Amino acid sequence: MKQIKTLRPVISLRDLIISSLKFYPIWITLIFFLTSHQTYSRNEEKFEFSIGDNVHIISDKAFRRTKDNVFEAIGNVIITHKNNAIYCEKATLNFNTGDMNALGNVRYVGQNMTMYGSRLDYNLKSGYFSAENARILGGDYVILGKKLSRISPEVIIGEDAEYTTCRDCPESWSIFGRNVHITLNEYIRIKHAYVKLKGIITTYIPYVVFPIKTEREMGLLFPRFGYRIKEGFHFQQPWFLPLSKSTDLTLTPSVLGRRGFGSDFQFRQILREGLWYETNSFQLLDKVYRPGSNSDLESGTTFYRNLTNWEHHFFSGKNFNHHTYIDGLNDLDMVYDIERQLEERKNKIDSGVESFFDFRQNWYSLSTEAYFQRNGLYENPKGFDHRYVQILPKVSFNTIPIHLYQSNNKLLNRISLLGRADHTIFKQNHFEENEYIRNAHRLNAAPEIDLNLATLGPLNLKTSATLDYQHYRFPYEERQKSFTKVGIVYETEASFALEKIYGLAYEEAIPMENVVIEKKKEDKIEMKDLMGKLPEDSKNLVGEKLRYQKNSFRHRQEYKIKHYFISDQEVKGNERFRRQIQAPEEGQFDDLDAIRDKQTELNSRQAKQDLPLANTLEFQWNNSLVKKRPARENLLADGRSVRDNFLYDNVGHFNLSQGLFRSVDEQGEPHYLLTRLWLNSRMSLPSASLYINEFYYYYTQEHRFNLYYEKNFEFIDIRFGAMYDGFNQPIEKAATLGTEIKLFERFRFRTETNYDYDEQRIQKTRYEMLYMPYNNCWRFNISYSRNLREKEIAFNFLINYNKNSFSSTGAE
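Residues numbered from 1 in each chain as written. Predicted model: local features only at pLDDT ≥ 70, side-chain atom pairs only at ≥ 80, totals over all residues. Heavy atoms only, no water.

**Q** Could you clarify how one ought to interpret the overall build of the protein chain in this entry?
**A** Secondary structure summary: the protein chain contains 6 helices and 48 strands in total. The buried share of the protein chain, taken over its 812 residues, is 35%. By sequence separation, contacts in the protein chain at least 24 residues apart represent 45% of the contacts at least 6 residues apart. Split by element, the accessible area of the protein chain, about 49,900 Å² in all, is 55% carbon and sulfur. (Helix = DSSP H or I, 4+ residues; strand = E, 2+ residues; numbered from the N terminus. Buried < 20%, exposed > 50% of the residue type's maximum accessible area, 1.4 Å probe, protein only. Contact = heavy atoms within 4.5 Å. Areas by Shrake-Rupley, 256 points an atom, 1.4 Å probe, with all protein chains shown as cover.)

**Q** Any chance you could explain the pairing of strand S39 (residues 670-684) here in plain terms?
**A** A regular strand carries its side chains on alternate faces of the sheet. Summarising the sheet, strand S38 (residues 646-664) and S39 pair through 12 bridges and their orientation is antiparallel. Residue pairing across strands places Leu656 opposite Leu679, the latter belonging to S39. Here S38 folds back onto S39 in antiparallel fashion, the turn holding 5 residues, of which Gly668 has a positive phi close to 85 degrees. Sheet topology places S39 next to strand S40 (residues 688-697); 8 bridges connect them, and they run antiparallel. Bridge pairing in S40 places Asn680 opposite Asn693. Linking S39 back to S40 in an antiparallel pair, the connection comprises 3 residues. (Pairing = 2+ DSSP bridges.)

**Q** Explain the side chain of Gln373 to me, please; I cannot follow it from the model alone.
**A** Looking at where Gln373 falls in the secondary structure, it is placed in strand S24 (residues 364-374). Separated by 3.1 Å, the side chain of Gln373 and the backbone oxygen of Val353 make a polar contact. In this view, Gln373 contacts Lys348, Asp350, Ser351, Gly352, Val353, Glu354, Phe384, Tyr388 and Gln390; residues no more than four positions away in its chain are not counted. (Polar contact = N/O pair within 3.5 Å; in protein donor to acceptor, adjacent residues only side chain to side chain.)

**Q** Hey, could you run me through the packing of aromatic side chains in this one?
**A** Geometry of an aromatic ring pair is reported as the spacing of the ring centres plus the angle between the planes. Applying the stated criterion to the full structure yields 28 aromatic pairs. The interplanar angle of 0 degrees and the centroid separation of 5.6 Å between the aromatic rings of Trp678 and Phe695 together place this pair among those described as stacked. Note that Trp678 is positioned in strand S39 and Phe695 in strand S40, a separation of 17 residues in sequence. Among the aromatic side chains, those forming a connected cluster through ring pairs are Phe426, Tyr472, Phe474, Phe483, Phe577 and Phe589. Stacked on the ring of Tyr116, the Lys or Arg Arg135 has its end atom at 4.9 Å from the ring centre. Geometry around Phe713 places Lys711 over its ring, the cationic atom sitting 5.5 Å from the centre. (Phe/Tyr/Trp six-rings, centres within 6.5 Å; stacked < 30°, edge-to-face > 60°. Lys NZ or Arg CZ within 6 Å of the ring centre and 35° of its normal.)

**Q** How do you make sense of the pattern of salt bridges when you look at a structure like this?
**A** In a structure, side chains of opposite charge can pair up when their charged atoms sit close to one another. Scanning all chains against the criterion turns up 28 salt bridges. In this structure, the salt-bridge partner of Arg629 is Asp649, at a minimum N-O distance of 2.7 Å. Taken together, the residues Arg629 in strand S37 (residues 615-630) and Asp649 in strand S38 connect sequence positions 20 residues apart. The class of Arg629 is partly exposed, set by a relative accessible area of 27%. In this structure Asp649 comes out as partly exposed when scored by relative accessible area, which is 24%. Arg748 is the salt-bridge partner of Glu740, the closest N and O atoms lying 3.4 Å from each other. Both residues of the pair, Glu740 and Arg748, belong to the buried class. One network of salt bridges, in which partners are shared, links Arg259, Asp286, Arg305 and Asp331. (Salt bridge = Lys/Arg side-chain N within 4 Å of Asp/Glu carboxyl O.)

**Q** Would you explain the nonpolar core in this entry?
**A** The tendency in soluble globular proteins is for nonpolar side chains to be buried side by side. Membership of the largest hydrophobic core comes to 42 residues, with the highest contact counts inside it found for Ile79, Leu120, Ile143 and Ile188. Dropping the residues within four chain positions of it, Ile188 is found in contact with Tyr141, Ile143, Tyr163, Val180, His181, Ile182, Val208, Val209, Phe210 and Ile212. Phe426, Phe474, Ile581 and Phe589 belong to the second largest nonpolar core, which has 11 residues in total. (Core = buried A, V, L, I, M, F, W, Y, C linked by side-chain atoms within 4.5 Å.)

**Q** Before we go on, may I ask you to explain unusual backbone geometry in this structure?
**A** Only a minority of non-glycine residues have a phi that is not negative, and only a minority of peptide bonds are not trans. The omega angle of the peptide bond from Leu392 to Pro393 is -15 degrees, so this bond is cis rather than trans. The topology assignment puts Pro393 in strand S25 (residues 389-399). You will see that Asn105, though not glycine, has its phi angle at about 50 degrees, which is positive. Given the relative accessible area of 64%, Asn105 is considered exposed. Of note, Asn133 is a non-glycine position whose phi angle comes to about 50 degrees, a positive value. Mapped onto the elements of the fold, Asn133 is located in strand S8 (residues 129-137).

Any link to function would need more than the numbers given here.
Below, the structure is given as structure tokens:
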């Protein structure tokens, strides 16, 4: 057999190098391929490319044309340039010119705005751009335009653009303009503007300017205007002037119909943290008003009228508070004549000075308050009632309960002391006393000691003793310049409480694949001639969970027996004042002046509502119903909740109280008298609510009753209120009926009628038509109201400036 030998060609090193150089391009290509494959295999989902520190690009794919110095990014493109970011589906960049073209679901995020569009032309060098079919979201506004272009860092020009404050519903209302000029953080100027409601043009405005500033700036605020049948057209134009970051001024020239011209002034300043003040002044040259005249006709002269107030507040940490409010008017009739203009500043009839200082520590508080008021019911509107009793001042000292003894024993486990005292100076501006003493200094002290006698399961026993001490000094009395009454009020209580809980409050998340959805036979649809197979419905719900919530209810009822007893009250001093405080309410400064053992003999309103303290038993039956529900918020990152992550709602209560008074006649025979009966109940349900309050006074067989009921149906809401007050003379009887009819999904028709049964006439009637679109952007209503003084027709257009509050631009 012939042996075959393997041939081994011999190649020198020189020939090998020469041969390798011949294939140099192939080797370079192979090495680039291997290294590039190894590099991009680590990041094959995204392509990242940076140009210096200013531009960074992320995309699914990228291409670069070196010859033209053009870069293309495709798929989920993110481009960051300085403080701006651009998102799109495809982007082309020319690094020679700095021009960039972005297409497909374009989103531009800058420092001052966010913009969406279908196409964006952006220059990396200048930062200017032009967007088609664009939408700009500012802080509280939205701009939509066929084309929006930024021509300078702060200026954007829009073509066929719309402005609105509705961020999520721009079709609700908007202002359209062919030419829109936007200065960021300054103004939006629109030429040849059209007001559109639900896409329908309603009004043409040649030129309109809207502020979009983030800081306070000088300018005109929305005007306030209206029409009243007796007085005519009202118009007020506020002008706002910020003097500094913590100071501003508002001037409001006004035209108040036939009454004439007026002005309003407001100045506010924050001096430092915890210290601010504000002053307001309203002036009017009234052509109608004459003191003592009720005529609505022009008087032929002008009468100067003004209302000025001052308010400041100061606090230092948690220990010290001070507040002062001063208001004054030159005639008392302003409260009624110019009610619309003053309703935000004048919430009571009296006017004058109110001030208090309050100092608090951990266990006590020391406060002083003073009131110097002008009687708003004085017969002379230009005069001052000097007989009006002022409080100048009242100094109070109070402590928290100080525990003298506390233990875990079931018997006598707590003894605590509570301190209360005050000194009040009652003074007339000019001394003018007739039947009653009206100038006095009173010291009141009511320290209290509480003893918790026993806590035996649901049974609790406790008692307390309170010193009832008042000392008076009369500076203008010639004889008997003082008066003192002192006694001790004992209060003993036995209570027994029962509770029952219904259900268990919890929230459970059930995977949708575990939920069995029952289908009715008529819901089944036969599918014929289908190509392929339809997927199961449950496959679309993978990962979703159904949240199931259960609530629980706690019913608590408590039975109480309380005994009130006052020791023989020692009374000595001025006999005139003693007779005065035994008279009805007009003889007393306040409730502290009453002699406790004579309280049932007073025919006063407060005595008919309170229990006498002489020797009285009170029986209470208190019921409450509370709903417990799990809170929806996840307070921890891992999805678990804290142990007591629940919310509690008071569903309702029903409380009943009856007093029984024991007295002894002149022969020493005991007599038992039923005192007032008090019933108080409230129930709140998702579609209904009920409130009842009733006082019945057996001694005079009088009662005071209040009722309010509200029920919400699908197409109508009904509100009804009734009031009967037999404690007043004459007796007050009134009823209120209100309805809200849901004519359509967007329209509401409201009515409200107040009827006086004693006068047998309607006191006030109001009818209102309200239009509310599906969104929460704006509302429009028109109303007609009538009372015993006047009739009024009003309309109002309210805009929600994306702050969950509506600003009025119409008439009221």
